[in-house]
Amino acid sequence: MSVHLHWFLPTGGDGRTLVDRHAYTDGGIKRDRITPVSGVRAPDIEYLAQIAKAAEQLGFEAVLTPTGTWCEDAWLTTVALTQVTERLKFLVAFRPGVISPVLAAQMAATYQRISRGRLLLNVVTGGDSTEQRRFGDALDHDRRYARTDEFLQIVRGVWGGKPFDFQGEHYQVEGGLTALPPDPLPEIFFGGSSAAAGPVAARNVDVYLTWGEPPEQVKQKIDWIRGLAEQQGRTVRFGIRLHTISRDSSKEAWATANRLLDDLDPETVAAAQQALGKSESVGQQRMLALHGGSRDKLEISPNLWAGVGLVRGGAGTALVGSHAEVADRIEEYHALGVEHFVLSGYPHLEEAYWFGEGVRPELAARGLLDEIGSPLTGVPAANGRPASAPGGAPLLVAGGR
């Protein structure tokens, strides 16, 4: 089982800090156009193309694109980026409650033909009722997962190439069909830590994703989902969603993490924690429990730092350390059964280079990667720094606003 490395497309904006990095402040609630905040890179197609091209060059297999009212639409953005990349796959996040399952199946089929088979799907059931209501969805947490279960059954049924009927609580379909099923079928990624989520994963998905918890907690999740899948006669693979801060030395990496922390004033942290605490997501509550809103003891496991989660919802932990240390932690998760690593860092362009030129060669040397033709693989480093980064600066300066 090889390690599959994926990166992230910041379609809500990017920046050098954990706060004020989004071009659309407050998810567009108070402002309906790009906010001119200093240092924020708008998610224009030129900047996102830089990240996508860098990810492809550095040997990442795919990039995850988020979904929400605070970011650009994932389907439209990524299908545009398929035209400026060649191998890179796109892990498109979408909410099953706001689109017809037959239409979603058709969109996926069309996407596969346009991209020549480079679509992956990330199903986001939604753990925040406020966000769901913005999309016109009023179902509660558990009923959303029940609907997702039906949704995925229909999508797979419609991909079968014959008219498909379905009668459920949330959907009734007569003769559902895609004129040409997708080839290959897109792999379906899915995450959820609640009791309602587990059976949905076991019955329907290819890859179960967890946020970056300490290894023992991740092992418990893997054992849970694997057991449920076995009861269904299925096999599910596993992935993890993490940020990374990888540098030539551990000291440099932790200095970067501390700089990010220094940007956070107590009022900002308190406000973020109050907002995140209202989430219905069990996974979000698990993220909050890792640090309890405190800056003390944020290294919750060797090289696993919970500082991101002080102000960011969703994935709230980062692997921090030297390239070898970060590779050690990836190897540790991999030994538990984690195959897919969906990674990110601030800013996403520069951190892609730090990881791709630093950690990826470490993983390749350990025999954990299937080579996919990265032109930078095997390029010797100079003075301890990536050869492709003159003067030791692994970045391309973005033209974001």
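Asker: Would you mind showing me how to read the overall build of the protein chain here?
Answerer: Counting its regular elements, the protein chain contains 12 helices and 13 strands. Counting across all 401 residues of the protein chain, residues that qualify as buried make up 57%. Partitioning the intrachain contacts of the protein chain with sequence separation of at least 6 by distance along the chain shows that 74% fall at a separation of at least 24. Approximately 16,600 Å² of the protein chain is accessible, and the part contributed by carbon and sulfur atoms is 51%.

Asker: Explain the pairing of strand β12 (residues 318-322) here, please?
Answerer: Looking down a regular strand, the side chains alternate between one sheet face and the other. Burial runs high along β12: five of the five residues are buried. As judged from the five bridges shared by strand β9 (residues 237-247) and β12, these two strands associate in the parallel manner. The partner of Ile245 across the bridge, within β12, is Val320. Inspection of the sheet shows strand β11 (residues 304-305) paired to β12 by two bridges, in the antiparallel sense. Counted as the bridge partner of Trp305 is Ala318 from β12.

Asker: Please explain helix α6 (residues 197-204) as it appears in this structure.
Answerer: Since the α-helix advances by 3.6 residues per turn, residues separated by three or four positions end up pointing in the same direction. Across the eight residues that make up α6, a large majority, six, are buried. Within α6, burial applies to Ala197, Gly198, Val200, Ala201, Ala202 and Asn204. Packing partners of the buried residues in α6 comprise α5 (141-158), β7 (188-191), β8 (207-211) and α7 (215-231).

Asker: Any chance you could explain the side chain of Asp149 here in plain terms?
Answerer: With respect to the secondary-structure elements, Asp149 resides in helix α5. A polar contact of 2.5 Å, which involves the side chain of Asp149, links it to the side chain of Arg203. Contacts of Asp149, omitting those with residues within four sequence positions, involve Val200, Arg203 and Asn204.

Asker: What's the story with the packing of aromatic side chains in this structure? I'm lost.
Answerer: Between two aromatic rings, the relevant description is the distance of the centres plus the angle of the planes. By the definition in use, this model includes eight aromatic pairs. For the ring pair Trp7 and Phe60, a centre distance of 5.2 Å and an interplane angle of 40 degrees mean the geometry is tilted. You can see Trp7 sitting in strand β1 (residues 4-8) and its partner Phe60 sitting in the loop between α1 (45-57) and β2 (62-65), a full 53 residues away along the chain. For Trp7, a relative accessible area of 0% puts it in the buried group. Look at Tyr208 and Phe238: their rings are 6.3 Å apart centre to centre, the planes differ by 75 degrees, and that puts the pair in the edge-to-face class. With Tyr208 in strand β8 and Phe238 in strand β9, this residue pair connects regions lying 30 residues apart in the sequence. You'll find Tyr208 and Phe238 in the same group, each marked buried. Feature note: the residues Trp75, Phe94, Tyr111, Phe151 and Tyr171 constitute an aromatic cluster, connected by ring pairs.

Asker: Looking at this structure, how should I read unusual backbone geometry?
Answerer: Peptide bonds are trans in most cases, and residues, glycine excluded, mostly fall at negative phi. For the bond running from Asp183 to Pro184, omega is 0 degrees, close enough to zero to count as cis. Position of Pro184 among the secondary structure elements: in the loop between β6 (172-176) and β7. Pro347 follows Tyr346 through a cis peptide bond whose omega is -10 degrees. Here Pro347 lies in the loop between β13 (338-344) and α12 (348-365). One non-glycine residue with positive phi stands out, namely Lys297, at about 55 degrees. Note that Lys297 resides in the loop between α10 (282-291) and β10 (299-301). Relative accessible area serves as the criterion here: at 78%, Lys297 is assigned to the exposed category.

Asker: Looking at this model, I keep getting lost on the packing of helix α11 (residues 323-336) against α12. Mind explaining?
Answerer: When two helices pack together, their arrangement is given by the angle between the helix axes and the distance between those axes. Relative to each other, α11 and α12 sit at 60 degrees, their axes nearing to 9 Å. Between α11 and α12, the angle falls in the class oblique. As for how α11 packs across α12, the hand of that crossing is right-handed. Two secondary-structure elements touch here, α11 through His323, Ala324, Val326, Ala327 and Ile330 and α12 through Trp354, Phe355, Gly358, Val359, Glu362 and Leu363. Residue classes in the contact of α11 with α12 are distributed as eight nonpolar, two polar and one charged.

Asker: Whenever I open this one, the pairing of β6 confuses me. Can you help?
Answerer: Two strands pair when backbone bridges link them, and strand β5 (residues 164-167) and β6 are joined in this way by three bridges, in the antiparallel orientation. From the neighbouring strand, Phe164 faces β6, where its bridge partner is Gly176. The antiparallel pairing of β5 with β6 creates a hairpin that spans four residues between the two strands.

Asker: Got a minute to help me understand the pattern of salt bridges in this structure?
Answerer: Opposite charge on two side chains permits pairing when their charged atoms draw close. A complete count under the given rule lists 18 salt bridges for this structure. The residue Glu213 makes a salt bridge to Lys221 at a minimum N-O spacing of 3.5 Å. The same class applies to Glu213 and to Lys221, which are both buried. Among the ionic pairs, Arg366 bridges to Asp328, the shortest N-O distance being 2.8 Å. Placement of the pair is Arg366 in the segment after α12 and Asp328 in helix α11, with a sequence separation of 38 residues. Since its relative accessible area comes to 28%, Arg366 is described here as partly exposed. Since its relative accessible area comes to 31%, Asp328 is described here as partly exposed.

Conventions adopted
- Residues numbered from 1 in each chain as written.
- Predicted model: local features only at pLDDT ≥ 70, side-chain atom pairs only at ≥ 80, totals over all residues.
- Heavy atoms only, no water.
- Helix = DSSP H or I, 4+ residues; strand = E, 2+ residues; numbered from the N terminus.
- Buried < 20%, exposed > 50% of the residue type's maximum accessible area, 1.4 Å probe, protein only.
- Contact = heavy atoms within 4.5 Å.
- Areas by Shrake-Rupley, 256 points an atom, 1.4 Å probe, with all protein chains shown as cover.
- Pairing = 2+ DSSP bridges.
- Polar contact = N/O pair within 3.5 Å; in protein donor to acceptor, adjacent residues only side chain to side chain.
- Phe/Tyr/Trp six-rings, centres within 6.5 Å; stacked < 30°, edge-to-face > 60°.
- Axes fitted to C-alpha atoms, helices over the stretch in contact; angles between N-to-C directions.
- Parallel < 35°, antiparallel > 145°, perpendicular 65-115°, else oblique.
- Left-handed = near helix turned anticlockwise from the far one by under 90°.
- Nonpolar A, V, L, I, M, F, W, Y, C, P; charged D, E, K, R; others polar.
- Salt bridge = Lys/Arg side-chain N within 4 Å of Asp/Glu carboxyl O.

So yeah, pure geometry; function would need other evidence.
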